[in-house]
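So the chains spell out like this:
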Amino acid sequence: MAWRAVVATAVRSLRAYFRYPFNAVMQLFNFVAWLPPLYFLGRAFMVDGSLPGLAAYAGTDDYAAFLVVGWIAAGFVYAAYWGVGFSLYEEMTTGTLEAVWLAPAPRWAVLVGRSVHMLVVTAVQAGVVLAASWLLGVRFAPDAVRAVWVLLPGLVALYGLGLAVAALVLVAKNPNNLIDMVSYGMNFLSGDRVPVASFPAPLLWLALAMPTTYAFDGIRHALLGTTPLLPFWTELVLLCALALLTAGLGWVAFRAADRRVRVGGTLGHH
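Everything quoted here is computed from the prediction, not taken from an experiment.

S.K.: Explain the overall build of the protein chain to me, using residue names and the numbers behind them.
M.R.: In terms of helices and strands, the protein chain carries 12 helices and zero strands. Reading the protein chain from its N terminus to its C terminus gives the helix and strand order α-α-α-α-α-α-α-α-α-α-α-α. Relative to the compact-globule value of 18 Å for 270 residues, the protein chain shows a C-alpha radius of gyration of 19 Å, a close match. Structurally, the protein chain occupies a C-alpha span of about 65 × 40 × 30 Å along its principal axes. Per-residue burial for the protein chain yields a buried fraction of 44% across its 270 residues. Sequence-distant contacts, at least 24 apart, represent 80% of the contacts inside the protein chain between residues at least 6 apart. If you sum the accessible surface of the protein chain, you get close to 13,700 Å²; carbon and sulfur atoms cover 71% of it.

S.K.: Tell me what's going on with the side chain of Ser183, and back it up with residues and numbers.
M.R.: Here Ser183 lies in helix 9 (residues 176–189). Take Ser183: its relative accessible area is 0%, and that puts it in the buried class. Apart from the residues lying within four places of it in its own chain, the contact partners of Ser183 are Tyr78, Tyr81 and Trp82.

S.K.: Pulling in residues and values, what's your account of the packing of aromatic side chains?
M.R.: Taken as a whole, this structure holds four aromatic pairs when the rule is applied. Judged by centre distance (6.4 Å) and plane angle (35 degrees), the rings of Trp251 and Phe254 are tilted. Here Trp251 pairs with Phe254, and both are found in helix 12 (residues 232–264), just three residues apart, close to one helical turn. Trp251 gets classed as partly exposed once you look at its relative accessible area, which sits at 33%. Classification of Phe254 by relative accessible area gives buried; the value is 2%. By way of ring pairs, the aromatic residues Trp149, Phe232 and Trp233 are connected into one cluster.

S.K.: Help me get a handle on the packing of helix 7 (residues 107–135) against helix 12, residues and values and all.
M.R.: Think of two packed helices as two axes; the pair is described by the angle between the axes and how far apart they sit. With their axes 12 Å apart at the nearest point, helix 7 and helix 12 run at an angle of 110 degrees to one another. For the element pair helix 7 / helix 12, the angle class is roughly perpendicular. In this structure, helix 7 meets helix 12 at a crossing whose hand is right-handed. For the pair formed by helix 7 and helix 12, the contact residues are Arg107, Trp108 and Leu111 on the first element and Trp251, Phe254, Asp258 and Arg262 on the second.

S.K.: Please provide a residue-by-residue account of the environment of Arg139, values included.
M.R.: Tracing the sequence through the fold places Arg139 in the loop between helix 7 and helix 8 (144–172). For Arg139, a relative accessible area of 41% gives the class partly exposed. Setting aside residues up to four positions removed in sequence, Arg139 forms contacts with Asp62, Ala65 and Trp134.

S.K.: Explain a nonpolar patch on the surface to me, and be specific about the residues and the numbers.
M.R.: On the surface, a nonpolar cluster with roughly 350 Å² of combined accessible area is contributed by Tyr184, Phe188, Leu203 and Leu206. Put simply, the parts of the chain that give the nonpolar patch at least two residues each are helix 9 and helix 10 (201–208). Relative to the assigned elements, Tyr184 resides in helix 9. For Tyr184, a relative accessible area of 44% translates into the label partly exposed.

S.K.: Give a detailed account of helix 1 (residues 2–17), specifying residues and quantitative values.
M.R.: The terminal C-alpha atoms of helix 1 lie 23 Å apart, and with 16 residues this matches the ideal 22 Å at 1.5 Å per residue to within 8%. Buried residues of helix 1: Ala2, Ala5, Val6, Thr9, Ala10, Ser13 and Tyr17, and no others. Looking straight down helix 1, one finds that the buried residues subtend no more than 125 degrees of arc, so they occupy a single side. Pointing more than 90 degrees away from the buried face of helix 1 are the exposed residues Arg4, Val7 and Arg15.

S.K.: Before we move on, can you summarise the pattern of salt bridges with the specific residues and values?
M.R.: Tallying each qualifying case throughout the model produces one salt bridge. One salt bridge connects Arg193 with Asp192, and the closest N-O pair in it is separated by 3.3 Å. Taken individually, Arg193 and Asp192 each receive the classification buried, so the pair is uniform in this respect.

S.K.: Describe the nonpolar core, and please don't skip the residues or the numbers.
M.R.: One finds Tyr81, Leu88, Leu111, Leu170 and Phe254 to be the most contacted residues of the largest nonpolar core, which totals 58 residues. Broken down by element, the residue count for this core peaks at 17 residues, all from helix 5 (residues 63–94). Apart from the residues within four sequence positions on either side, Leu88 is in contact with Leu97, Trp101, Leu111, Ala166, Val169 and Leu170.

Analysis parameters
Residues numbered from 1 in each chain as written. Predicted model: local features only at pLDDT ≥ 70, side-chain atom pairs only at ≥ 80, totals over all residues. Heavy atoms only, no water. Helix = DSSP H or I, 4+ residues; strand = E, 2+ residues; numbered from the N terminus. Rg over C-alpha atoms; globule rule 2.2 N^0.38 Å. Buried < 20%, exposed > 50% of the residue type's maximum accessible area, 1.4 Å probe, protein only. Contact = heavy atoms within 4.5 Å. Areas by Shrake-Rupley, 256 points an atom, 1.4 Å probe, with all protein chains shown as cover. Phe/Tyr/Trp six-rings, centres within 6.5 Å; stacked < 30°, edge-to-face > 60°. Axes fitted to C-alpha atoms, helices over the stretch in contact; angles between N-to-C directions. Parallel < 35°, antiparallel > 145°, perpendicular 65-115°, else oblique. Left-handed = near helix turned anticlockwise from the far one by under 90°. Patch = residues over 30% accessible without salt bridge, like charges linked within 9 Å, V, L, I, M, F, W, Y side chains within 5 Å. Salt bridge = Lys/Arg side-chain N within 4 Å of Asp/Glu carboxyl O. Expected span 1.5 Å × (residues − 1). Arc of directions from axis to C-beta. Core = buried A, V, L, I, M, F, W, Y, C linked by side-chain atoms within 4.5 Å.

The following block contains the structure:
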């Protein structure tokens, strides 16, 4: 029943998304619009065609590839946050949240199903960015096995974080600013645009406490051969442990918030 609810909700969301084809097509290129300013900013700091500072911290001076991988990984964080958290807000504004909550299916299945279409769109956007990067001369040396090892626990962590955001949305109601601040801050601290090793000590310790830091770093190591913050297998173990912890805490937070709004009678308020 749970997985049938996930599939049914995902199909419904995708059908609604493609009801506006122009908007759907424009979102595919939204990723590309954000990359050029960052790319040319990086080029402005080149010394004789290379970036020695980046090479010292990350083990590569290929800023374009470093940025593309980080930006794609950050896109999946945004997808998890907006797909899970903002879906609740949409149900609130359309007045259907109470009906969805009364459906004979686990509530987590509805949230996951609503986020699937965001993950699909993000995956297509990532393909567009990779194709454009390849045409511009950006090259990767993928280690598919290591990338998959990092990706799987990374997705678990993302959905745990998404459930935590959903809990905040149930209580705070208007999620726009909340999701923006949390997702942007997490992506920055995880090193989506700069090497985490360059952070001052307080930010570095905060970054090392987040599962996304190890996910970003591990994916870059697999695709670009960068120097990891810690040995790869140590990072993978930490990522798995933090992913399970994050998923558990997110689930507990969501259950607590759900119970609070149902007892208080404020489930559909916005």
